Amino acid sequence: MRRDEARAYALEKGLAVREAHDLLHIVLPLDGLKAHMAAFKAMGFNYLADVIGIDYQGYPEETGWEHPERFAVVYELVSLPGYADGDGSRIYPRVYVPEKRPELDTVTDLWPSANFPEREVYDLFGLVFRGHPDLRRILMPEDFEGHPLRKDFPLGETPTLFNEGRYIDPEAFRAGLRGREKGLTGWRGGRRKGERR
Amino acid sequence: MIPEPKELRTEEMLLNMGPQHPSTHGVLRLVVRLAGEEVLDVVPHIGYLHTGFEKTMENRTFHQNLTYTPRMDYLHSFAHDLAYALSVEKLVGAEVPERARVIRVMLNELSRIASHLIFVATGLLDLGAMTPYFYAFRERETILDLFEWVTGQRFHHNYIRIGGLKEDLPEEFPGELKKFLDTFDHRVDDYQGLFVGSPIFEGRARNVGVIPPEVAIAYGLTGGSLRASGVNYDVRKAYPYCGYETYDFEVPLGERGDTWDRMVVRLEEMRQSARIIRQALERLEPGPIRDPNPHFSFPPKELLSSSMEAVIFHFKLATEGFEVPPGEAYVPTESARGELGYYVVADGGSLPFRVKVRTPSFFNLQSLPEAARGHFFQDLVAILASFDPVLGDVDR
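Residues numbered from 1 in each chain as written. Chains lettered and ligands numbered in written order. Predicted model: local features only at pLDDT ≥ 70, side-chain atom pairs only at ≥ 80, totals over all residues. Heavy atoms only, no water.

Enquirer: Help me understand the packing of helix 2 (residues 77–92) of chain B against helix 3 (residues 98–126) of chain B, please; the structure alone is not making it clear to me.
Expert: Residues and elements named next belong to chain B. Axis separation between helix 2 and helix 3 bottoms out at 8 Å; the angle between their running directions is 145°. On helix 3, the residues touching Ser77, Phe78, Ala79, Leu82, Ala85, Leu86 and Glu89 of helix 2 are Arg104, Leu107, Asn108 and Ser111. Here the contact of helix 2 with helix 3 is composed, by residue class, of 6 nonpolar, 3 polar and 2 charged. (Axes fitted to C-alpha atoms, helices over the stretch in contact; angles between N-to-C directions. Helix = DSSP H or I, 4+ residues; strand = E, 2+ residues; numbered from the N terminus. Contact = heavy atoms within 4.5 Å. Nonpolar A, V, L, I, M, F, W, Y, C, P; charged D, E, K, R; others polar.)

Next up, the structure:
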């Protein structure tokens, strides 16, 4: 399986590897991103299924998932079954991008299908892909300011108002749901106990 | 007297098509560079239907998000519900009972048929064939009525819950569905007779918009459009979910990867979907429809009038949701348009930290310039229709 091959390659190069929920995550360095991705392509991962941007600002530290930088870009590489000698392996290499210098290399020259999703990550997170052939906003209007999927981008909602000036602040309400603050009801999102029916 | 031109020349022209144009299947804007009638290049401009679902979903509980998922691909909305539920179920470790899995497969395929009917209807309408449109919509109406009966909604079913289904099927439903399937196969034959072999359709679709398999893969094409190019990649076969591996069905493949293949492959897929539904109907055994784990599953509705505990659980689940252990999950599924999956990041609370939807139409649209270059402008409309884009699926 190419998945095992990719894991062996990552361990040999000293890259961090994590497997959870059937996904193989490989953390690539920002500098050598292009070289490692080219190696994966040469290994037979002929299909880039997705480029996923994640903003880890505010991600709880005690979860066991360490995130050295604020942004992460996760690539989903597939050795496409049904074409050439593809065996259906999927790997999820990722690269962490610092907030101060949000730039990384494009992979559009390896997989042309990265064109749209990289533009999407640029649009919604503000990460610049060096060498991208056509880096423009894709989903938001061209003159839009800011990058909406960043965690610090406001949602633009209004608090629910009641008599005598009482109101529910949506953000405070959701803080309770995130299980880290008290919220409205004080329930901290704990696992419920109850008989299994 | 005007002197005769020494040579004929055409000027390149930029033509804007859309975003409000009947043949763009929604709000897609194409900027086409033309030399006379010939398409030199197409640049798709998307985002006119961008609603920020991904941002909204970060701020709603895992169950509330099931309201948003079907609104992306409003034609095959059941697939979106299913894909999202599968990813979350992987994170919480839910065990979906067999009956729920069978019903999921059954309704998913039914929804796929409805979506393909729209594809055939509107695709042929773009080629100037009016008749199939009305016939296909008649079948689709029956399917939507069936869905309304089961789920209460024609389009945005919201029938799936994390760990199972909202409620059980009505008792008479399998019989009615069987009645529909009895007539369905020869209706598909009828539709096929309406356009396959017609000289107009052959002339407009054969060898138009050819995508070789290597180009299709490089540009991220999936679904029926990829299979039309001869690549045997169907997520239901390659990464089975919901027990698809136990159903007996074939994956129709095209040979040339042109508009003709993309049309006919989906016609054949409808027959295969009907075949899967028939098998699912046979497997329908009585049983539970939800994982009984009270941590994330709603208590049965009939308990709400007798059990205080059930009322509390129901209230807590509906208002505050449930805690999902930290982690990241992705389950690929096959929608009517291609590979669909939700990359869900959970941080331990009851809201998803990040939801990324891998929508097939978004990626399929990248191949459009490759397919349309060098063809006539009127073929561009046919090629676009053959990719079956749903703009809600593209823009999210």
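Enquirer: What should I look at first to understand the sheet that holds strand 3 (residues 47–55) of chain A in this one?
Expert: Paired through backbone hydrogen bonds, the strands of a sheet run either parallel or antiparallel to each other. Residue and element names in this part refer to chain A. Overall, mixed pairing links the 5 strands, which are arranged 1-2-5-4-3 in an open sheet. Lying at the two open borders of the sheet, with one neighbouring strand each, are strand 1 (16–20) and strand 3. For this sheet, the mean inter-axis angle between neighbouring strands, taken without regard to orientation, is 25°. Bridging between strand 3 and strand 4 (residues 71–78) involves 8 bridges; their strand directions are antiparallel. Each residue of the ladder has a partner; that of Ile54, found in strand 4, is Ala72. This element, helix 2 (residues 33–43), spans strand 2 (23–28), strand 4 and strand 5 (90–97) of the sheet and lies at about 145° to strand 2. Taken strand by strand, helix 3 (residues 115–125) contacts strand 3 and strand 4, and its axis lies near 5° from that of strand 3. (Pairing = 2+ DSSP bridges.)

Enquirer: Please clarify how the packing of aromatic side chains should be interpreted in this entry.
Expert: Between two aromatic rings, the relevant description is the distance of the centres plus the angle of the planes. Applying the stated criterion across every chain, the model contains 26 aromatic pairs over all chains. Aromatic pair Phe180 of chain B and Phe184 of chain B: ring centres 5.3 Å apart, planes at 35°, arrangement tilted. Separated by 4 residues within a single helix, Phe180 of chain B and Phe184 of chain B lie in helix 5 (residues 173–195), roughly one turn from each other. By relative accessible area, which is 5% here, Phe180 of chain B ends up buried. Here Phe184 of chain B falls in the buried class, since its relative accessible area comes to 0%. One aromatic cluster in this structure is built from Tyr56, Tyr59 and Tyr96 of chain A together with Phe353 of chain B. Cation over ring: Lys237 of chain B sits above Phe249 of chain B, and NZ or CZ is 4.2 Å from the ring centre. The ring of Tyr247 of chain B carries the charged tip of Arg283 of chain B above its face, separated from the ring centre by 3.9 Å. (Phe/Tyr/Trp six-rings, centres within 6.5 Å; stacked < 30°, edge-to-face > 60°. Buried < 20%, exposed > 50% of the residue type's maximum accessible area, 1.4 Å probe, protein only. Lys NZ or Arg CZ within 6 Å of the ring centre and 35° of its normal.)

Enquirer: Quick question: what am I supposed to make of the interface of chain B and chain A here?
Expert: You'll often see interface size given as the accessible area lost when the parts meet. Contact with chain B, which involves 70 residues of that partner, is made by 68 residues of chain A. Carbon and sulfur atoms supply 56% of the area buried between chain B and chain A, which totals about 5,900 Å² over both sides. The largest share of the area that chain B buries against chain A comes from Lys55, Glu328 and Phe353 of chain B, three residues that together contribute 12% of it. Taken together, the connections running from chain B to chain A amount to 7 salt bridges. Between Glu339 of chain B and Arg90 of chain A there is a salt bridge, with the nearest N and O atoms lying 2.9 Å from each other. The tally of links between chain B and chain A comes to 24 residue pairs in polar contact (both at pLDDT 80 or more). In terms of residue count, helix 11 (residues 308–320) of chain B provides more of the side of chain B that touches chain A than any other element does, 6 residues in total. (Buried area = accessible area lost by both parts, 1.4 Å probe. Salt bridge = Lys/Arg side-chain N within 4 Å of Asp/Glu carboxyl O. Polar contact = N/O pair within 3.5 Å; in protein donor to acceptor, adjacent residues only side chain to side chain.)

Enquirer: What exactly am I supposed to notice about the sheet that holds strand 3 (residues 38–45) of chain B here?
Expert: Residue and element names in this part refer to chain B. One open sheet holds the 3 strands; their spatial order is 1-2-3, and the pairing between them is antiparallel. What marks the edges here is a single partner per strand, and that holds for strand 1 (12–17) and strand 3. For this sheet, the mean angle separating the axes of adjacent strands, direction not counted, is 20°. Note that strand 1 and strand 2 (residues 29–35) share 6 bridges and pair antiparallel. Bridge pairing in strand 2 links Asn16 to Val31. In this fold helix 14 (residues 377–386) packs onto strand 1, strand 2 and strand 3, with an angle of close to 145° to the strand it touches most, strand 2.

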